[in-house]
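# Inside the fold
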Amino acid sequence: MSCLIALKNVTKRYGEIVALNNVSLEVIKGEILAIIGPNGSGKTTMLRIMAGIEKPNNGEIYFNGTRVHDRNIDMIRSRSTMIFQKTVFFNTTVYKNLAYGLKLRGYSKKEIKEKVREALRIVKLEGYESRLIKKLSGGEQQRLSLARALILNTELILLDEPTTNLDPYNVAMIEEIICNINRNFNTTIIIATHNMFQAKRLGNKVIFLLNGEVVEVGKADKMFEDPQDKRTKSFIRGEMIY
Ligand code: ADP
Ligand code: MG
């Protein structure tokens, strides 16, 4: 069990606000980690730091055992993909959006066509090649962003509340696709969600954040059945936390 990404005593401030306070965490290769916590608890900040988009004020980040610095930050950026609630695509077809990154990497037309077809199959968008982005629904766009991550052989997918604005049918479909990607490609997946049921359905491991601090980390089943901290207990019950 090797560690893909680790945070050691990471603190992130925005002016007076402490978004993350001395957070340490190890993410094992191939696991699905769910970050839960109410709005403002620091979930997005944590994802942005792990994606190499944001720099902490204090603390260290390790990727595959190597300390991340300004000089090698591309190591994280090139091997991870962050998926937001809304992804920005080129205003053209599904095919062109997926082919773009492969073209840059020098793949042949035939290889690109095959890879695009396979990625679309996995995200249940088979045959969507010539569809226009702007005609896709929100759920289809989320699935397309997963296809784009897949096509680039991403090792780490970071999802920020990916199903917040979707209907239950699309939520279920995206959750299934996330599990399939994890199982078939051993992709490490980190998903931030304020929905504890989603965390329970998807997470191997769960981390509960509150006011920028880690309250509890553990196996999903265990944390939901037998939370150790009374604040976790309250959150799971849907109560206010003081
Ligand atoms: P979550 O995703 O759990 O809702 P965030 O990571 O977005 O939490 O935010 C954590 C805290 O940091 C909040 O108090 C938020 O207002 C603050 N914050 C986040 N991003 C910024 C920013 N760019 N500038 C100032 N404050 C920010
Ligand atoms: Mg957020």
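First, a word on what this report is: a plain description of the structure on this page. Computed from a predicted model, the values in this text were never measured in an experiment.

The rules behind these values
Residues numbered from 1 in each chain as written. Chains lettered and ligands numbered in written order. Predicted model: local features only at pLDDT ≥ 70, side-chain atom pairs only at ≥ 80, totals over all residues. Heavy atoms only, no water. Pairing = 2+ DSSP bridges. Helix = DSSP H or I, 4+ residues; strand = E, 2+ residues; numbered from the N terminus. Contact = heavy atoms within 4.5 Å. Axes fitted to C-alpha atoms, helices over the stretch in contact; angles between N-to-C directions. Near = heavy atom within 4 Å. Polar contact = N/O pair within 3.5 Å; in protein donor to acceptor, adjacent residues only side chain to side chain. Areas by Shrake-Rupley, 256 points an atom, 1.4 Å probe, with all protein chains shown as cover. Nonpolar A, V, L, I, M, F, W, Y, C, P; charged D, E, K, R; others polar.

### Observations concerning the sheet that holds strand 2 (residues 17–28)
Overall, antiparallel pairing links the four strands, which are arranged 2-1-4-5 in an open sheet. Of all the strands in the sheet, the pair left with one neighbour each is strand 2 and strand 5 (66–67). As defined by bridge partners, strand 4 (residues 58–63) adjoins strand 5 across two bridges and the pair is classed as antiparallel. Note on strand 5: the bridge partner recorded for Phe-63 is Thr-66. With respect to the sheet, helix 1 (residues 43–50) is in contact with strand 1 (3–14), strand 2 and strand 4, its orientation differing from that of strand 1 by roughly 125 degrees.

### Quick look at the site of ligand 1
The full set of residues close to ligand 1 is Tyr-14, Ile-17, Ala-19, Pro-38, Asn-39, Gly-40, Ser-41, Gly-42, Lys-43, Thr-44 and Thr-45. Contact between ligand 1 and Thr-45: an oxygen atom at 2.5 Å from a side-chain N or O atom of the residue. Relative to its unbound accessible surface of 560 Å², ligand 1 loses 60% to contact with the protein. Sorting the residues of the shell around ligand 1 by element identifies strand 2 and helix 1 as the ones contributing at least two each. It is helix 1 that provides the largest number of residues to the shell around ligand 1, a total of three residues. Among the residues forming the shell around ligand 1, the class breakdown is four nonpolar, six polar and one charged.

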